Amino acid sequence: MKETDLLIIGAGPAGCSAAVYAARAGVKTMIAGGAMPGGQLLQTNEIENYAGFVNPVSGFELMDTMHKQCKRLGVQITTDVITKLEGTQPPFTLTAAGGETYRAKAVLIAAGASARWLGVRGEEALKGHGVSACATCDGFFFKGKEVVVVGGGNTAFEDALFLTQFCPKVTLIHRREGFRADAVTVEKAKQTPNLSMLLNCVVEEVLGPESVSGVVVRNVQTNRVQTVACSGVFVAVGAVPQTAWLRGSAVELLPSGLVKVDAQQRTNVEGIFAAGDCCEEQFRQAVVAAGSGAKAGISAAAYINLHR
Ligand code: NAP
């Protein structure tokens, strides 16, 4: 069993920022970072809106820098995937997928979020055979092929723009006319010759059989159904909080699955805190996650130092 003052679950910007504050307050801090510590940013190609960087930085570089900063301050980062949290008061016991256990005086949940899927026919069966939620990871396999991207947020637009670099034709399919993506990115997309848009349209089926051959699309205004031929379908319709493992614990979740926190990032259980996308309703941005991580780290350190 590993013993620590503070166990942080998640090594994305929220978890790392929390760890920096806790470690600098003299709290023994460990991070269980999951199989690939770094979270969603590892799948982000270029980040231009994280304060402090003159030029765009890759998600990998940003996370690598944060991990090095944590380690310099004495924070141990493991690849354990925590699957169970037990206890209603300190010390809390946490169990990882491989059976490793931790005992911690305080816990900070920064588990992030993962891709939301469409849930349409063909999608599940063709995952890994043309259906993907990560253009940065899988885009290169579609070099020279026609692809579609589903969604109208920043992720969809950035994925579509990224794919235009090596796909002759990229079609962005979005269920309405307005976008959540920022105006600059939308404008860039509109100016890109090999990127077209199908608006007011939903994907109803992904066609195979062995690998993706197209999508069936319905216009929600006219009900017209058409098949768009493509070899790849990139789903970018938002994220769901990675909190299913907390069901059955004492930590209160909202109906959306987000961890319920107060302004100090405290959960309903004394000694358990949360930060980042696993408790963020609206502003799922790396810099916001880092900010809420800082708040949670300060709160958790104050709690531990008060109860020594
Ligand atoms: P998002 O902003 O929540 O957008 C999700 C998109 O998917 C929306 O356009 C939504 O449509 C659509 N959608 C949701 N469920 C759907 C369904 N079942 N079928 C079809 N379409 C569906 O998610 P995101 O793009 O992943 O972005 C998440 C957060 O990260 C945002 O705050 C975003 O700004 C941020 N982000 C920032 C950057 C950057 O600044 N570099 C890059 C990526 C992401 P409706 O609009 O109709 O609801």
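Residues numbered from 1 in each chain as written. Predicted model: local features only at pLDDT ≥ 70, side-chain atom pairs only at ≥ 80, totals over all residues. Heavy atoms only, no water.

Draft legend 1. Local environment of the environment of Leu195. Inspection of the secondary structure assignment puts Leu195 in strand E11 (residues 195-198). Residue class for Leu195 comes out buried when judged on its relative accessible area of 8%. On a C-alpha basis, the gap between Leu195 and Thr171 in space is 5.8 Å, while along the polypeptide they are 24 residues apart. In contact with Leu195, other than residues within four places in its own chain, are Ala160, Leu161, Thr164, Val170, Leu172 and Ala189. (Helix = DSSP H or I, 4+ residues; strand = E, 2+ residues; numbered from the N terminus. Buried < 20%, exposed > 50% of the residue type's maximum accessible area, 1.4 Å probe, protein only. Contact = heavy atoms within 4.5 Å.)

Draft legend 2. Structural detail: the packing of helix H4 (residues 154-163) against helix H5 (residues 183-190). Where H4 meets H5, the axes come as close as 10 Å, and the angle between the chain directions of the two elements is 35°. H4 and H5 meet at a crossing whose hand is left-handed. In this structure, H4 contributes Asn154, Phe157, Glu158 and Leu161 to the contact, and H5 contributes Thr185, Val186, Lys188 and Ala189. Looking at the contact of H4 with H5 residue by residue, the classes come out as four nonpolar, two polar and two charged. (Axes fitted to C-alpha atoms, helices over the stretch in contact; angles between N-to-C directions. Left-handed = near helix turned anticlockwise from the far one by under 90°. Nonpolar A, V, L, I, M, F, W, Y, C, P; charged D, E, K, R; others polar.)

Draft legend 3. Focus on the pairing of E11. By the bridge criterion, four bridges tie strand E10 (residues 170-173) to E11 in an arrangement that is parallel. Note that in E11 the partner of Val170 across the bridge is Leu195. The handedness of the E10 to E11 crossover, carried by H5, is right-handed. (Pairing = 2+ DSSP bridges. Right-handed = clockwise from strand over helix to strand, strands pointing away.)

Draft legend 4. Spatial organisation of the environment of Arg180. Mapped onto the elements, Arg180 comes out in the loop between E10 and H5. Separated by 124 residues in the primary sequence, Arg180 and Pro56 place their C-alpha atoms 21 Å from one another. If sequence neighbours within four positions are ignored, Arg180 has contacts with Gly152, Gly153 and Asn154.

Draft legend 5. Expanded view of the state of the cysteines. Within the structure shown, the criterion is met by one disulfide. Across the disulfide, Cys134 is cross-linked to Cys137 (sulfur-sulfur distance 1.9 Å). Between Cys134 and Cys137 the sulfur-sulfur dihedral comes to about 75°; the bridge is accordingly right-handed. With a relative accessible area of 7%, Cys134 lands in the buried category. Residue class for Cys137 comes out partly exposed when judged on its relative accessible area of 40%. Cysteine Cys279 remains unbridged, with the sulfur of Cys278 as its closest cysteine sulfur at 4.6 Å. (Disulfide = S-S within 2.5 Å.)

Draft legend 6. Molecular detail of H5. Residues of H5 that are buried: Thr185, Val186 and Ala189. Each buried residue of H5 sits inside an arc of 100° when the element is viewed along its axis, so together they form one side. Exposed residues on H5 whose side chains face more than 90 degrees from its buried face are Ala183, Val184, Lys188 and Lys190. The inward-facing, buried residues of H5 abut H4 and E11. (Arc of directions from axis to C-beta.)

Draft legend 7. View of the site of the ligand. In the neighbourhood of the ligand, 17 residues make up the surrounding shell, with Asn49, Thr155, Arg176, Arg180 and Gln285 lying closest. Here an oxygen atom of the ligand and a backbone polar atom of Arg284 are 2.8 Å apart. In the environment of the ligand, an oxygen atom lies 2.8 Å from a nitrogen or oxygen atom belonging to the side chain of Gln285. Among the residues making up the shell around the ligand, the classes are represented as three nonpolar, nine polar and five charged. (Near = heavy atom within 4 Å. Polar contact = N/O pair within 3.5 Å; in protein donor to acceptor, adjacent residues only side chain to side chain.)

Draft legend 8. Geometry of the side chain of Thr78. Checked against the element boundaries, Thr78 lands in strand E3 (residues 76-78). Residue class for Thr78 comes out buried when judged on its relative accessible area of 7%. Here the side chain of Thr78 touches Asp80 through a polar contact of 3.3 Å, landing on its backbone nitrogen. A polar side-chain atom of Thr78 sits 2.9 Å from a polar atom in the side chain of Tyr102. Apart from residues lying up to four places away in sequence, Thr78 is in contact with Lys2, Ile31, Ala32, Gly33, Gly34, Pro37 and Tyr102.

Draft legend 9. Quick peek at the pattern of salt bridges. On inspection of all chains with the given rule, the structure shows twelve salt bridges. Between Asp80 and Lys2 there is a salt bridge; the shortest N-O distance is 4.0 Å. With Asp80 in the loop between E3 and strand E4 (82-86) and Lys2 in strand E1 (residues 2-9), this pair connects stretches of sequence that are 78 residues apart. Residue classification places Asp80 among the buried residues on the basis of a relative accessible area of 17%. In this structure Lys2 comes out as partly exposed when scored by relative accessible area, which is 23%. Salt-bridge contacts for Glu100 lead to Lys2; the nearest nitrogen and oxygen are separated by 3.8 Å. Here Glu100, found in the loop between strand E5 (92-96) and strand E6 (101-109), pairs with Lys2, found in strand E1; they are 98 residues apart in sequence, far enough to count as distant. Judged by relative accessible area, Glu100 falls into the partly exposed class, the value being 28%. (Salt bridge = Lys/Arg side-chain N within 4 Å of Asp/Glu carboxyl O.)

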